[in-house]
Amino acid sequence: MKYHWTPVEACGKTGAALLGSTALYLAFGIFCLVGLPVGEEMAVVTGLLFGFLVWVGAMVYAVLARTALRAWSVLLGLALILGGGAFLASVLS
């Protein structure tokens, strides 16, 4: 498959891969810290280790998404969902 990206689309997908995936990684780590019913140290380690897989997968998705707008919306949408879940878990506990 050949890619014929415009410079704007290439910059958008690269930005989504770098910034959007990092936002998702951080939201996942915070969600693990707040939401997992284990000790704080174990939750941090779990968030870091499995968060790396989330981060790499999000970067791959950002590059393979149809458009840069779709990549940004999916990654930031998932980050907002995880961040909102972490917020609710911290408020309810």
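Residues numbered from 1 in each chain as written. Predicted model: local features only at pLDDT ≥ 70, side-chain atom pairs only at ≥ 80, totals over all residues. Heavy atoms only, no water.

Caption draft 1: Quick look at the nonpolar core. By size, the foremost hydrophobic cluster in this structure holds 13 residues, and its most contacted members are Ala 16, Leu 24, Ala 62, Ala 71, Leu 75 and Leu 82. Only α1 (7-35), α2 (40-64) and α3 (68-92) provide two or more residues apiece to this core. The leading source of residues in this core is α1, at six residues. Every residue in contact with Leu 75, bar those within four places of it in the chain, is listed here: Ala 16, Gly 20, Ser 21, Leu 24, Ala 58, Tyr 61 and Ala 62. (Core = buried A, V, L, I, M, F, W, Y, C linked by side-chain atoms within 4.5 Å. Buried < 20%, exposed > 50% of the residue type's maximum accessible area, 1.4 Å probe, protein only. Helix = DSSP H or I, 4+ residues; strand = E, 2+ residues; numbered from the N terminus. Contact = heavy atoms within 4.5 Å.)

Caption draft 2: Geometry of the environment of Ala 86. Considering the arrangement of structural elements, one finds Ala 86 in helix α3. For the pair Ala 86 and Phe 31, spaced 55 residues apart in sequence, the C-alpha separation works out to 4.6 Å. The contacts of Ala 86, once residues within four sequence positions are left out, are Ile 30, Phe 31 and Val 34.

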